Amino acid sequence: MKQTPTRPALAFLALGAVFAVSSPTALGQSCSFKPLEQGRVCTKPGARCSPPTVGSGNVGTCTTEGMRAEALSCECQGSPTPSYNITLSPLTPTYIDKDVATSTITVIPFNGFTGKVDFTCTVSGAAHPAPSCQNPASATVTNSAATSLLTVSASTSTAEGTFTVTVNAVDGHGRPPDNGAQSSTGSVSHVRWILMGGGRIAFLTFVALLALWSVWLLWRHARDASG
Amino acid sequence: MSAQSLLHAKLDLADIRLPRLSREFPFRASLVALFVLVTYQFPWHWLRFVTSAAILRISASLGMTGARVSFDTIRIQGQLFRVVIACTFVDVVMGSIPLLWDVRKSLQRNASRFLAVAVIFFGLNLVRLEIAQVLYFHGVPWTFADEVLGGFAYFAVWLFLWRQRTWRVLGEV
């Protein structure tokens, strides 16, 4: 006897078919869903999205949108992880003698990152005695970028040469920045600087020459006038 | 009149009638001050870089060892030299515009004349900087080698502008 499927069985089969043709990731929790033109950012299903999801620990995966092969989208699983990057401005001045050079550390938060970021600094690449750096003060991110000041100092006994100062950071959970430790370079020199170009003495010399020349002109004028 | 007779010429100061300044000269002089003031409002990074690069190359061609330290600083024979704005002569070049401008000529002719003069001045500047450096490395104090020579360079520029002028310093007597 031929059995006819009942309505619930048909519905179950239909649901199974939908599951079968759907991408597994499409059913996950989506933190971003941005349809992209094929071949532009998402190259093929299963590939990683390029660029990766900024700042979060979840890297997106390219997936087809429903059953349309031409419509690729970038999805990522799970909720985005709050994270941060750090940047260093160039050391100023780049050359120090027995003074200090400073650089601004900027903490750039992503995905709602907030909290305190602690810094440590190390100086490398210089002969001993090398210039020293003080661990920069912690920066607290509330809702926008936070900054801290890096200071590198040298004394008369510091060896001359180029050095690299590297800043490491960790947040309250011990996580480093997404972009890793950042570095900046500077130099120590005890040679006296010379500023090229005219200064006060050059100006005075010019004025003196101008005065002499003016007197000479006046004298010539007077001589010519008197016949 | 010979040089000998010039030396013995009697100068009677009471006979000298000081003529008045023309109206044009103070106006042009004020513009010079204004132009120089405006010039110093810009960092002129590129010109400082170019000037230091030129000095570095000229010094190297004269057998002096050198290296670039930063965009405006060079190290020659172990000595650091920093090229500041005054060192580029850009203040002199810009300040010479009001003195060179010929009101009877077109903008284009004035501009082309100014460009030619600017090239001459920048060349003169490189020569005086290099001479200063050579003198310094031969034991001449920097104050004399650079600054006094700089004063003479400014005066040379003034004499050039004086010969090129199309304006009168003194009014009609």
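What you are looking at is a predicted structure, and each value in this text was computed from that prediction instead of being measured. (Residues numbered from 1 in each chain as written. Chains lettered and ligands numbered in written order. Predicted model: local features only at pLDDT ≥ 70, side-chain atom pairs only at ≥ 80, totals over all residues.)

Here we take up the overall build of chain B. Within chain B, the secondary structure is distributed over 8 helices and 3 strands. When its helices and strands are written in sequence order, chain B yields α-α-α-β-β-β-α-α-α-α-α. Classification of the 173 residues of chain B by burial places 23% in the buried group. (Helix = DSSP H or I, 4+ residues; strand = E, 2+ residues; numbered from the N terminus. Buried ≥ 20, exposed ≤ 12 C-beta atoms within 10 Å, placed from the backbone.)

Residue and element names in this part refer to chain A. Scored by pLDDT, chain A comes out at a mean of 74, with 61% of its residues at no less than 70. Counted against residues more than four places away or in other chains, residues 1-5, with its pLDDT under 50, gives 1 contact. Note on residues 51-58: pLDDT under 50 across the span, and 26 contacts to partners over four residues away in sequence or across chains. (pLDDT = per-residue confidence, 0-100. Contact = placed C-beta atoms within 7 Å.)

Here the focus is the packing of helix α7 (residues 107-137) of chain B against helix α8 (residues 142-164) of chain B. Residue and element names in this part refer to chain B. Packing of α7 against α8 leaves a shortest axis separation of 9 Å and a crossing angle of 155°. In this view, α7 runs roughly antiparallel relative to α8, as classed from their interaxial angle. Crossing geometry of α7 relative to α8 is assigned as right-handed. On α8, the residues that touch Phe121, Leu124, Arg128, Ile131, Ala132, Leu135 and Tyr136 of α7 are Trp142, Ala145, Asp146, Leu149, Gly150, Ala153 and Val157. (Axes fitted to C-alpha atoms, helices over the stretch in contact; angles between N-to-C directions. Parallel < 35°, antiparallel > 145°, perpendicular 65-115°, else oblique. Left-handed = near helix turned anticlockwise from the far one by under 90°.)

Before going further, it helps to spend a moment on the sheet that holds strand β9 (residues 139-141) of chain A. Residue and element names in this part refer to chain A. On the basis of which strands lie adjacent, the open sheet formed by 5 strands has the order β5-β12-β11-β7-β9 and mixed pairing. Strands at the two margins of the open sheet, each flanked by one partner only, are β5 (95-96) and β9. Bridge count between strand β11 (residues 161-171) and strand β12 (residues 182-188): 7 bridges; the pairing is antiparallel. Directly across from Gly161, in β12, lies its bridge partner Val188. (Pairing = 2+ DSSP bridges.)

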